[in-house]
Every structure is written in C-alpha cells, then in structure tokens.
Amino acid sequence: MLHVNNFHVNVEDTEILRGLDLTVNAGEVHAIMGPNGSGKSTLAQALAGHDAYEVTDGTATFLDNDLTEMPPEERARLGLFLAFQYPVEIPGISNAYFLQSSLNEVRKSHGLDELDALEFQELLAQKMELVNVPMHFADRNVNEGFSGGEKKRNEILQMAVMEPKLAILDETDSGLDIDALRIVSEGINNLRDPERAFVLVTHYQRLLDYVKPDFVHVLYQGRIVKSGGPELALELEEKGYDWIREMNPA
Amino acid sequence: MTQVAEHTDRAQYQADIDTLAAADTNDTLSALRDAGAEKFSEMDFPHYKEEAWRHTNIKPILKSTFRTHIGASSASVTTDDLAAHSYTKDGLVEVVLVDGIFSSELSSLDTLPDGVVISSLATSEASMDLLGELVNYTNAFVALNTALVQDGVCITVEKNTQVDVAVHILYVTTGQANTATHPRNVIVAGESSEFNVIESYVGLNDESETLTNGVCEIVVGDNAKVTRHKVVSEGASAHHLMTTQVTLGRDSRFNAFAMTLSGQTVRNELCVKMTGPGGHCDLNGLYLNDGDRVIDNALFVEHASAKCYSRMGYKGVLDGNSTANFTGMVLVPQDSQQTDSDQLNNNLLLSDKAVIDTKPQLEIFADDVKCTHGATIGAFPPELIFYFQSRGMDPLTAHGILTYGFAAEVVDAIEVEPLKERLADYVFTKYSPN
C-alpha cells in the first residue's frame, strides 16, 4: 500500500529525513517511535503533502501513485489520512459542515453522488457513536474552544467519516489523560479493518498497550534504525531512548 | 472645478428645499425643515481634510446632481417586487416606504402588539417633539436630510413593554436616475422596554445613480433594551449615507448590527452617547465589499457616564479594487471612571488591490478604566489551508468555506431568526465555492 524508499526530506534547508525506508501493507498497524527531533512528525507531514517539507531524494508511493508531486487534497481523496498532532481551529465553520464538505469532495473524486445534509447527518450520527464522541461535537465550530483531548477525539471522528485506506496518526496520544487515551484507542480499534492500515507516530509506549501494533520501528536521526514486533516497544520502554543513541553515535 | 460642481449640486438641493417650502402643506414637519434649511445654508459638505471623512470619497456624490422626490413616487412597486426583501411571511411587522414615502398598501401593521406605536412621520403629531429634541447636526448631510425631510418612521415603545416580534422598516429605492431620498427614523424605547428593529435599505435598480441620505435617532430609556439591525442592500450604482444617533439611559442596553451588502458608496455613521451608569452597548458590523465600491463605518461612542460598557466588533471582507474604512472612536471623559470598552476590527483581504484603512481609537481622560482596541488585516494562514487540503478540499474550496465562516460569525450573533437565515444564505451564496 505504502512504499517509502530512501526518503530524504528538508525543512527550511535542513535535512531531517535522511534515507528512510518503510513499507506498509493493507491491514497492518505500524508504530513509529523515536526521541524528540528524530523526524517523526516530518515523516507524517511529508507523507500528507505539507509544502514546507521538501522531498529532496527517494520515492514514496501510495497505492502505486507517486506521492512526491501530488497535492495534499489528492492524497486525501486517494485515502491517505493524517491525524494532526496540533489540529487547527476553524472559526465560524461547524464540524458537521466541514466533514460533509470533506466527505463530498472525496466522493466526487470517486464519481459518487454527494450526500445531502440529511443523509450526511445520519452517517455522522453513526460515526459519532462508533468512535464515542458526544453529539454536541457536530454543531460546534471545528476545534474551536476544544480541549486538547477533544481535539484529538475530533481527529478520530474525522478519520471515521473519511474512511481512509491509510491513517497516519501523528502523536495522537500526546497530552491525553488515561481516560481520553482509552477512548481514542477504542476509536482506532473500532476502525481497524483488513483493508485499512495504520501508522502510529508516537513518543510513548503507552498507546501501544491499547492499540496493538504488528510492527514497531525506531526512528533516529532521520532513519529507521531498528524494526521489530510489539516486543521492541517494551524493550524501548525499559531501556529508554538512550539505548538507541548509544547504538547510533552521531 | 470641484467648487463649480459643488455649487451646482447645492443649487438643486436648494431648489428642492424652496419647492417644499412653497408647497405650504401645513405639514407638521415644515418647522423642522426650516430649521434644517437654515443649518444647511451655514454648513459646507464634509471635506476629505476633516478627520472623520478623510477616507470617504464623497466626490462622486458632490459632483452629481440629485433631485429629491417631492411627494409620493410615481413608480409603482408591488409586493412581488419586495418578496426577496420582505419579512411579513415570517410574521414580522413591516413598514414599507417607497422612495422615502410611507406606503400603507405595502405595509403590514396588523400584528403590531400593544404598547408600540408606529406612525409615518408625515402624519404623526408626536414625532415633531422628538425630532426637535434629538437632531444633532454632525455634518451637512444631516442638515440636508432635515431640510428635505418629508416622511419617515416614528416608533414609540411604552414603558415596561416587551415587544416579542421584530419590526422591519423597509426603505425601497425604485431607482429613477439622479434622485435622492432622505429617510428619517425616530425610535424611542421607554423605561424597561425591549424592542427589536430591522432597517433595510433596498435598491431595486442597479443601473442608475441615486442617493439615500438618512438620519436615524434612537433613544433607549433607563433599563430598556433595543436591538437594531441595519441592512444596506442598495443598488450597485447607489450612494448611501446615514447618520445614526443613539442616546442610552442608565442600565440600558443597545445592541447593533450594521450589515453592508451592496451599494457603490456606503457610509454608516453611528454615534452613541451613554448618559447614565450601567449602560451597555454592543456594536457589531459586517461589510462585504468588491468591485470598486467604498464602504465606510464611522463609530463614535461617548462614555458620558461612569460605569458603562461598550464593545465594537466589526468585520470586513474586501475583494477586487474595493476600499473600506473603519473608524472607531471611544471617548472617556475624566469623570467616567470604571469604563469598560473593547474595540476590534478584523479584515480579510481577498485581493491584492483591495484597500482597508482601519483606525480604532481611544481618547481617555479618566484613570480607572479598562479599554482595549485592535485591528487585524490578513489572509488565511497556510496551516489552515493545509488542514482543509488534508481533508480532501482544494485551496479554492478552503478559501470559500473560510471566508463564509469569517463572515458568518457576525451573522450568527443575530437573534432574529429569519434575518439571520437570510443573511447566512446571502453570505454562503456569495463566497461558497460551489
């Protein structure tokens, strides 16, 4: 589904990703862990197509489409979803309207009929139940006045509505208390599907107690320096990131 | 050259003043008109060197000649013509004036609740006292309005009366070329009353150059609450100048919405004087500008008493070569301690050629006050656009939705549902990408 080879990405002329390789297949859950500054968020943003992240070398394909020259909205329409680490607030626009516009853009690109307000309302109600967010989320302006935890839950709701093929979750667990983490994790688990893959970018092992990954990768200095199964996350938890730093002297 | 043009212009106005005087209609308004005419003869039209008019280009208005409609307009207007602007189907009380003159056929006053009196100025005995008391000649256009006033709307709300249904005053300009109307409204809300009014200024013709030169006087009694909505939907070639003067009693509340949707030149001048402690005024505005149009909002709030609160929240969307001006002046004299005042003017520029001049200002002589003022001008940050893109929407769609959201914030604060819905639809249609 996702093939990233020798991926090099610059931010403001500083090289952050330095030859990253990653392959994700349908149905798999990959966790990407690493210390601050290792390039985790850069990978997420670059795959979603943020233009501040310049791909200088290597390839990234998603469902056999070259991502490197593709505008972000087309990636989203193909089924690539990014849950933001810091979701923005959108004044004056209700969540329901935002999500309806979003879903309809995706549907249009696939030659499907757009959903009217009533049809969408029904679908939204189902999705809200699926990921356990309260009904008032629909009428509130997108993320405006939301707590940190509410914003993250709103990202999960958006994911549920858009039904992506690949969801990249950028530190969705950061800053959540244990109750919010549990709700967010249940939301993710409810969306797991043999046709859908997840990339969980996280700093902490805690999330992986709730969402079981198939693969764990350690990102350090712009490269994946170690890959393994769920046990790798536990090893990291035990030994700390210094263990990685010692293995990979600068 | 300007001198000559202005001279010609005054001559037509003077001729109309003389015609009205000679008609000797035994009209209760004639004494007022005489006083206005005298003031008008003493005053010059505002000059761009005057601070309050520095950015309002009124040269096109001064260069053109506008003949004032004398008596009822010959143009026929039907309820069909007004369908898009009327709120009678929504149950609102409606007063319709065609080219400045009250039309009993088009008005719907049947549902008027007890405790409210609405009358046409031309026939109201009561209105004369009020008009004489309230008029304040802040500029020559106010004098001109007074000198040529023939009709308008007078509303009095009795003490302790809560009016649940909003009253809609609909001024329609049929658009005979180079004609002027001089709308005049007086609204007096008695002690502890509550009242909602919508004033619409609608042009039915986009081609011809016309002038609407209005004056509105509002008195909010002690402990009363008045919410006033002004909607300017003038014709594309029309000029609209209006001065609104509001006096607030103690513990009273004045909420205002100034929504400017169309017109070639629009100036909304709003002067609020808070005369007793506990006064509260909340002034909101939205201006949607494009083409080469000019929209000017000039606000003056005088905290003439201690312990009052005032807020200004104006938003503008500017496209094309359009120009907008915002002047907010809050005056706090030495004795007006414990004043609380906020001013904010946010602008969205959709084009490189649009111009906004924004001046939120404070003049504070008291020392125990809390006053803020600010202005923003900008486009949407790239992070916001990227968020939309990451959800499958292209940048054009993102801009449309965000522009709608920016403007909708002002509309959402309106409590008269049918007005809110209609304005939201208007804003949505104007900016939505589809």
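These numbers come from a predicted model, not from an experiment.

K.L.:
Just checking my understanding: could you explain the overall build of chain B for this structure?
P.N.:
Looking only at helices and strands, chain B features nine helices and 21 strands. Computed over the C-alpha atoms, the radius of gyration of chain B is 21 Å, within 12% of the 22 Å expected from 2.2 N^0.38 for a compact globule of 434 residues. Summarising its shape, the C-alpha atoms of chain B cover approximately 70 × 50 × 50 Å along the three principal directions. Within chain B, the proportion of its 434 residues that are buried is 58%. In chain B, the share of contacts with a sequence separation of at least 24, taken over all contacts with a separation of at least 6, comes to 84%. As displayed, chain B has an accessible area near 16,900 Å², and 48% of this comes from carbon and sulfur atoms. For chain B, the centre of its 29 positive side-chain charges and the centre of its 59 negative side-chain charges are spaced 5 Å apart.

K.L.:
What's the story with a negative patch on the surface in this structure? I'm lost.
P.N.:
A cluster of acidic residues, Asp113, Asp116, Glu119 and Glu122 of chain A, forms a negative patch on the protein surface. Looking at the secondary structure, you find Glu119 of chain A in helix 4 (residues 117-130).

K.L.:
What is the right way to read the interface of chain B and chain A from this model?
P.N.:
The parts lose accessible area when they come together, and the size of an interface is often stated as this lost area. Contact residues are listed per partner, giving 22 residues for chain B and 31 residues for chain A. Carbon and sulfur atoms make up 65% of the area that chain B and chain A hide from each other, which totals about 2,100 Å². Per-residue buried area on chain B facing chain A is highest for Phe386, Tyr387 and Arg391 of chain B; these three make up 36% of the total on that side. Applying the counting rule to chain B against chain A returns one salt bridge. The salt bridge involving Arg391 of chain B is made with Glu155 of chain A; its shortest N-O contact spans 2.7 Å. Counting across the chain B and chain A interface gives ten residue pairs in polar contact (both at pLDDT 80 or more).

K.L.:
Honestly, unusual backbone geometry in this entry has me stumped. Any pointers?
P.N.:
Note on backbone geometry: most residues besides glycine have negative phi, and most peptide bonds are trans. All names here are of chain A. The residue Glu12 is not glycine, and still its phi comes out positive at about 45 degrees. As for its position among the elements, Glu12 is in the loop between strand 1 (2-11) and strand 2 (14-24). A positive phi angle is found at Asp64, which is not glycine, with a value near 70 degrees. Given the relative accessible area of 76%, Asp64 is considered exposed.

K.L.:
Quick question: what am I supposed to make of the pattern of salt bridges here?
P.N.:
Side chains carrying opposite charge are able to pair once their charged atoms draw close together. With the rule as written, the count across this model stands at 23 salt bridges over all chains. For Lys108 of chain A, the salt bridge is made with Glu105 of chain A, and the minimal N-O distance between the two is 3.5 Å. Remark: Glu105 of chain A and Lys108 of chain A occur in helix 3 (residues 95-109); sequence separation between them is three residues, near one turn of the helix. For Glu105 of chain A, a relative accessible area of 9% corresponds to the buried category. In this structure, Arg422 of chain B and Asp90 of chain B form a salt bridge, with 3.6 Å as the shortest nitrogen-oxygen distance. Of this pair, Arg422 of chain B sits in helix 9 (residues 417-431) while Asp90 of chain B sits in the loop between helix 4 (79-82) and strand 2 (93-98); the two residues are 332 residues apart in sequence, bridging distant segments of the chain.

K.L.:
Would you take a moment to explain the sheet that holds strand 4 (residues 53-62) of chain A for this structure?
P.N.:
The strands making up a sheet associate through hydrogen bonds between their backbones, and the pairing can be parallel or antiparallel. Residue and element names in this part refer to chain A. Read across the open sheet, the four strands follow the order 2-1-4-5; overall the sheet is antiparallel. The strands lining the two open edges of the sheet, one partner per strand, are strand 2 and strand 5 (65-66). As judged from the eight bridges shared by strand 1 and strand 2, these two strands associate in the antiparallel manner. Its bridge partner lying in strand 2, Val9 is registered against Leu17. Where helix 1 (residues 40-48) meets the sheet, its contacts fall on strand 1, strand 2 and strand 4, and the angle it forms with strand 1 comes to roughly 105 degrees.

K.L.:
How should I be thinking about the state of the cysteines in this particular structure?
P.N.:
A disulfide bridge is the covalent bond that connects two cysteines by way of their sulfur atoms. Residues and elements named next belong to chain B. Tallied over the full model, the rule gives zero disulfides over all chains. Not part of a disulfide, Cys154 finds its nearest cysteine sulfur in Cys216, a span of 11 Å. When its relative accessible area of 3% is taken as the criterion, Cys154 is described as buried. On the basis of relative accessibility, which here comes to 0%, the residue Cys216 falls in the buried class.

K.L.:
Please explain the confidence of the model for chain B as it appears in this structure.
P.N.:
Low pLDDT marks stretches whose predicted atomic positions should not be read closely. Mean pLDDT for chain B: 91, with 95% of residues reaching 70 or above. Below pLDDT 50 for its whole length, residues 1-7 of chain B participates in four contacts with residues either more than four positions away or in separate chains.

K.L.:
Looking at this structure, I do not really get the sheet that holds strand 10 (residues 223-228) of chain A. What am I missing?
P.N.:
Residues and elements named next belong to chain A. Read across the sheet, six strands follow the order 6-7-8-3-9-10 without closing on themselves; strand pairing throughout is mixed. Two strands close off the open sheet at either side, each with one partner strand: strand 6 (80-83) and strand 10. The mean angle between the axes of side-by-side strands here comes to 20 degrees, regardless of whether they run parallel or antiparallel.

K.L.:
Got a minute to help me understand the pairing of strand 9 (residues 194-203) of chain B in this structure?
P.N.:
On a regular strand, one side chain projects to one face of the sheet and the next to the other, so that they alternate. Residues and elements named next belong to chain B. Counting buried residues in strand 9 gives eight out of ten residues, a clear majority hidden from the surface. Relative to strand 9, strand 6 (residues 167-173) is paired through seven bridges, and the arrangement is parallel. Paired with His168 across the two strands is Ile198, which belongs to strand 9. As judged from the nine bridges shared by strand 9 and strand 11 (residues 225-233), these two strands associate in the parallel manner. Residue pairing for strand 11: Phe195 is matched across the bridge by Val226.

K.L.:
Quick question: what am I supposed to make of the domain arrangement of chain B here?
P.N.:
Residue and element names in this part refer to chain B. Taken domain by domain, chain B holds domain 1 (3-275) and domain 2 (381-434). Of note, the centres of domain 1 and domain 2, computed from C-alpha atoms alone, are 32 Å apart. Facing the 14 residues of domain 1 at the interface are ten residues of domain 2. Between domain 1 and domain 2, roughly 1,100 Å² of surface is buried when both sides are summed, and carbon and sulfur atoms account for 73% of that area. If you look at where domain 1 meets domain 2, you find one salt bridge. On the surface where domain 1 and domain 2 come into contact, there are two residue pairs in polar contact (both at pLDDT 80 or more). Taken together, the elements giving at least two residues each to the side of domain 1 that touches domain 2 come down to strand 9, strand 11 and strand 13 (253-262). Among the elements that take part in the side of domain 1 that touches domain 2, strand 13 stands out by supplying three residues, more than any other.

K.L.:
Please clarify how the packing of helix 8 (residues 395-412) of chain B against helix 9 of chain B should be interpreted in this entry.
P.N.:
Any two packed helices are characterised by how steeply their axes cross, that is the angle between the axes, and by the distance between the axes. All names here are of chain B. Closest axis-to-axis distance for the helix 8/helix 9 pair is 9 Å, and the angle between their directions is 160 degrees. By the angle between their directions, the pair helix 8 and helix 9 is classed as roughly antiparallel. Once helix 8 is placed against helix 9, the crossing between them reads as right-handed. For the pair helix 8 and helix 9, contact is made by Gly400, Thr403, Tyr404, Ala407, Val411 and Asp412 and by Lys420, Leu423, Ala424, Val427, Phe428 and Tyr431, respectively. Here the contact of helix 8 with helix 9 is composed, by residue class, of eight nonpolar, two polar and two charged.

Cut-offs and rules
- Residues numbered from 1 in each chain as written.
- Chains lettered and ligands numbered in written order.
- Predicted model: local features only at pLDDT ≥ 70, side-chain atom pairs only at ≥ 80, totals over all residues.
- Heavy atoms only, no water.
- Helix = DSSP H or I, 4+ residues; strand = E, 2+ residues; numbered from the N terminus.
- Rg over C-alpha atoms; globule rule 2.2 N^0.38 Å.
- Buried < 20%, exposed > 50% of the residue type's maximum accessible area, 1.4 Å probe, protein only.
- Contact = heavy atoms within 4.5 Å.
- Areas by Shrake-Rupley, 256 points an atom, 1.4 Å probe, with all protein chains shown as cover.
- Lys, Arg positive; Asp, Glu negative; His and termini not counted.
- Charge placed at Lys NZ, Arg CZ, Asp CG, Glu CD.
- Patch = residues over 30% accessible without salt bridge, like charges linked within 9 Å, V, L, I, M, F, W, Y side chains within 5 Å.
- Salt bridge = Lys/Arg side-chain N within 4 Å of Asp/Glu carboxyl O.
- Buried area = accessible area lost by both parts, 1.4 Å probe.
- Polar contact = N/O pair within 3.5 Å; in protein donor to acceptor, adjacent residues only side chain to side chain.
- Pairing = 2+ DSSP bridges.
- Axes fitted to C-alpha atoms, helices over the stretch in contact; angles between N-to-C directions.
- Disulfide = S-S within 2.5 Å.
- pLDDT = per-residue confidence, 0-100.
- Domains from an automatic or database assignment.
- Parallel < 35°, antiparallel > 145°, perpendicular 65-115°, else oblique.
- Left-handed = near helix turned anticlockwise from the far one by under 90°.
- Nonpolar A, V, L, I, M, F, W, Y, C, P; charged D, E, K, R; others polar.

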